[in-house]
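Listed here are the chains, written in short residue letters.
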Amino acid sequence: MHEPPYATRLKPYGRALVDLARSREEILCLSGDLTRQCEIDLFQAEFPDRFVHGGMAEANMMSMAGALARCGHIPFVHTFGVFATRRPYDQIANAIAYPAVPVRIIGFMPGISTPGGPSHQAIDDMALMRALPNMTVVDIADAVEMAQVAATVVDLPGPVYVRLKRGEIPVMFDDDHQLSMTNAAVLSHGTDAALFASGMMLATALAAARALEDNGVSVSVVSVPVIKPLDAGTVRRVAADARVVLTAENHSIIGGLGSAVAETLAEAGLGRPLRRVGLQDTFAEGSLTAPYLFEKYGLSVQHLVDTTWTLLARSGPAPTASPLVADVDEYSPV
Amino acid sequence: MTAVRASDPATRWTVADPVRLATCIRLRAVQMVAPQGFGYLGQALSAAEQVAAIFAVARPGVDRLVCSPGHYVIAPFAAAVELGLLDESVLQGYGKNGSPIEAIGTERSPVMDYTCGSLGQGLSAAVGFALSDRLRARDARTFAMVSDGEMEEGQVWEAALFAGYQRLSHLTVVLDANNSQVDGPVDTITTLEPVVAKWAAFGWHVADLDGHDTWAVLAALAAAEAERHQPSVLICRTSTRHGLDCLPPDSDGHFIKLTPAVAQAAVEELTARLVGSRA
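Residues numbered from 1 in each chain as written. Chains lettered and ligands numbered in written order. Predicted model: local features only at pLDDT ≥ 70, side-chain atom pairs only at ≥ 80, totals over all residues. Heavy atoms only, no water.

### Concerning the pattern of salt bridges
Where side chains of opposite charge bring their charged atoms close, a pairing between them can arise. Note the cut-off: Salt bridges, as used here, are contacts in which a Lys or Arg side-chain nitrogen is within 4 Å of a carboxyl oxygen on Asp or Glu. Each helix corresponds to a stretch of at least 4 residues labelled H or I by DSSP, and each strand to a stretch of at least 2 residues labelled E; elements are numbered beginning at the N terminus. Relative accessibility under 20% of the residue-type maximum defines a buried residue, over 50% an exposed one, and the middle range a partly exposed one, all with a 1.4 Å probe and only protein chains included.
By the definition in use, this model includes 26 salt bridges over all chains. In this structure, arginine 28 of chain B engages glutamate 82 of chain B in a salt bridge whose closest nitrogen and oxygen atoms are separated by 2.5 Å. With arginine 28 of chain B in helix α1 (residues 18-33) and glutamate 82 of chain B in helix α3 (residues 74-82), the pair connects residues that are 54 residues apart, well separated along the chain. The residue aspartate 63 of chain B makes a salt bridge to arginine 59 of chain B at a minimum N-O spacing of 2.9 Å. Judged by relative accessible area, arginine 59 of chain B falls into the partly exposed class, the value being 33%. Residues participating in the shared-partner salt-bridge network are Asp19, Arg22 and Glu46 of chain A.

This is how it looks when you write it as structure tokens:
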């Protein structure tokens with residue numbers, strides 16, 4: 001693992017999709033009028049014959065993708081996560097999830113990574129996709145994993161929903177790290193608190209763990225890129241070794257990683273105090289910057305430190321954590 | 001069960017007499033609905049000639065067939081038995097517990113290449129098929145059954161816009177304008193007319209015809225095949241009670257109730273017509 005401040009890479013997903021498409025002629029690239037924003041301007045330039053403008057018509061785009069997949073194509077469908085899930089939910093359910101065809105739905109701009117307000121913030125996309133039978137749900141925000149995700153999911157038998165951050169992406173993992181669809185990555189072992197994090201909250205969890213470890217709290221950090229099917233074995237094993245469990249997700253605490261972990265612990269009869277860090281069953285709001293929203297809605301490093309400290313019933317004030325440095329070019333208004 | 005689909009390369013059928021096939025579809029549909037006493041018979045009655053004509057024109061093992069309104073799948077199922085694509089015994093399971101022949105067709109139903117359970121989505125699937133065939137230079141046509149009520153769903157117009165822009169000339173929509181939806185006649189719910197002008201405005205070649213005139217449907221399908229620059233739509237004017245004189249005049253076209261007496265009369269009426277057509 002690299003240490004913060006993380007270096008960044010530009011458009012790792014978009015570049016990797018082009019590389020993959022060179023050897024995989026079945027891949028089609030569909031765009032819902034967000035081509036540059038979803039990094040597929042690169043694909044369009046390289047493979048114009050395999051690029052399809054769906055336009056602002058997500059319902060049609062998803063149903064069409066389902067039919068294309070039946071014909072042997074592998075459609076990668078791109079738009080913002082909020083439009084990829086809420087608008088065409090019935091179409092995804094009937095045309096893609098039910099027949100379990102290999103459509104790859106790529107939803108950019110997860111959670112409150114955009115200050116664009118509730119209409120643009122995908123705070124329930126994982127919950128919606130996770131509720132659909134046959135659907136795999138992935139949430140990543142590291143440049144190494146993002147460069148691998150297209151090749152990692154391309155041959156999965158059923159549909160996949162991937163939520164991705166846009167633009168400049170932090171490099172957290174070493175280049176020899178391999179994104180796994182089956183195993184959550186245990187990044188550190190501890191006996192006090194187990195932190196399970198996905199997507200953009202992984203960096204937050206690592207920073208919080210550092211502050212806690214510096215103050216005598218022994219912390220496990222587990223990166224959970226695949227929300228469904230959840231690596232329940234790792235969740236049980238790591239949680240069993242800790243006194244308290246926390247989840248951190250850039251999403252509503254209902255229906256996503258926190259819910260998946262809670263269900264796993266409850267079904268295992270593994271009683272551990274649990275706190276789900278994320279949007280507390282609330283819509284967010286429009287703003288100028290995303291870091292303001294992460295702070296205001298309780299998705300900051302300090303909030304995770306405070307929550308862990310309180311849950312462990314530690315005496316005295318919680319340690320002060322270094323805030324994450326905002327990524328360059330984090331937000332490009334659309 | 002292994003699903004036979006129209007465009008599977010090994011699939012074969014022949015339609016000797018499309019007019020007669022339409023009557024057979026009605027008879028089979030009556031027999032499918034009769035055991036429960038209710039079902040989607042009206043859809044088969046209004047679409048019988050359209051389905052017969054599609055099977056008469058489509059090339060088995062090549063062309064793709066889509067049934068957008070899943071309630072209509074009773075008609076393709078009935079045709080499939082007549083054409084040897086489905087075993088006759090399968091129809092006895094129509095709508096029954098545990099049967100693959102569900103009353104409302106789904107994305108996994110056999111016979112058609114694609115059937116939609118949720119209304120208004122099949123045209124998009126048909127567009128996907130037509131787009132795939134064009135991308136791969138595969139010489140195939142796609143025929144999509146769509147109903148007039150589905151035009152109330154916005155997605156139909158998303159798909160129509162896309163197909164018009166892409167000039168998907170190998171796509172033909174056979175639109176059953178039976179003026180029937182759950183709450184009553186379509187024109188008491190909303191105004192769809194002018195339907196012809198709407199599709200034309202989206203860049204489609206449009207035909208407006210009597211959907212119970214099999215030869216008119218066949219002629220319109222031939223004209224659609226000749227169209228090289230636009231997708232085509234056939235606006236087929238129909239009735240959910242057509243071709244079954246014994247039905248009470250107040251039958252609910254969306255979901256017809258069939259008493260044993262009416263079912264018996266219907267079988268006799270349709271059987272007599274088949275015998276008469278053979279003479």
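Once you've had a look at it, read on.
### Structural notes on the nonpolar core
What counts, and what does not: Put simply, buried Ala, Val, Leu, Ile, Met, Phe, Trp, Tyr and Cys residues joined by side-chain atoms within 4.5 Å make one nonpolar core. Should any heavy atoms of two residues lie within 4.5 Å, those residues are counted as being in contact.
Ranked by size, the top nonpolar core spans 80 residues in total, and within it Tyr13, Leu17, Phe43 and Phe76 of chain A carry the most contacts. Among the elements that line this core, the one with the most residues is helix α8 (residues 201-213) of chain A, at ten residues. Residues in contact with leucine 17 of chain A, not counting those within four places in the same chain, are Ile27, Cys29, Ile40, Phe43, Phe76, His78 and Ala150 of chain A. Formed by 76 residues, the second largest nonpolar core is a distinct cluster that contains Met61, Met129 and Leu132 of chain A together with Ile235 of chain B.

### Some remarks on the sheet that holds strand β2 (residues 64-67) of chain B
For clarity, the cut-off: Two strands qualify as a pair provided that DSSP identifies no fewer than 2 bridges between them.
In space, the six strands of this open sheet follow the order β3-β2-β4-β5-β7-β6 (chain B), with parallel pairing throughout. In the strand order of this sheet, the two ends are held by β3 (114-115) and β6 (205-210) of chain B, each with one partner.

### Observations concerning the interface of chain B and chain A
For clarity, the cut-off: Buried area is understood as the total, over both parts, of accessible area removed when two parts are fitted together, assessed with a 1.4 Å probe. Throughout this description, a polar contact denotes any pair of N or O atoms lying within 3.5 Å of each other; where both atoms belong to protein, one of them has to be capable of donating a hydrogen while the other can accept it, and for residues adjacent in sequence the pair is counted only when both atoms sit in side chains. Residues are grouped as follows: nonpolar covers Ala, Val, Leu, Ile, Met, Phe, Trp, Tyr, Cys and Pro; charged covers Asp, Glu, Lys and Arg; every other residue, Gly included, is treated as polar.
Each partner contributes to the interface: chain B provides 23 residues, whereas chain A provides 24 residues. Approximately 1,900 Å² of surface area, both sides summed, lies buried where chain B meets chain A, with 54% of it carried by carbon and sulfur atoms. When the buried surface of chain B facing chain A is broken down by residue, Glu107, Arg108 and Glu158 of chain B rank first, second and third, together holding 25% of it. At the junction of chain B with chain A, the criterion picks out zero salt bridges. Our enumeration of links across chain B and chain A arrives at 13 residue pairs in polar contact (both at pLDDT 80 or more). When contributions to the side of chain B that touches chain A are tallied by element, the ones reaching two or more residues are α5 (122-135) and α6 (154-166) of chain B. A per-element tally of the side of chain B that touches chain A places α5 of chain B first, with eight residues. Of the residues contributing to the side of chain B that touches chain A, the split by class is eight nonpolar, seven polar and eight charged.

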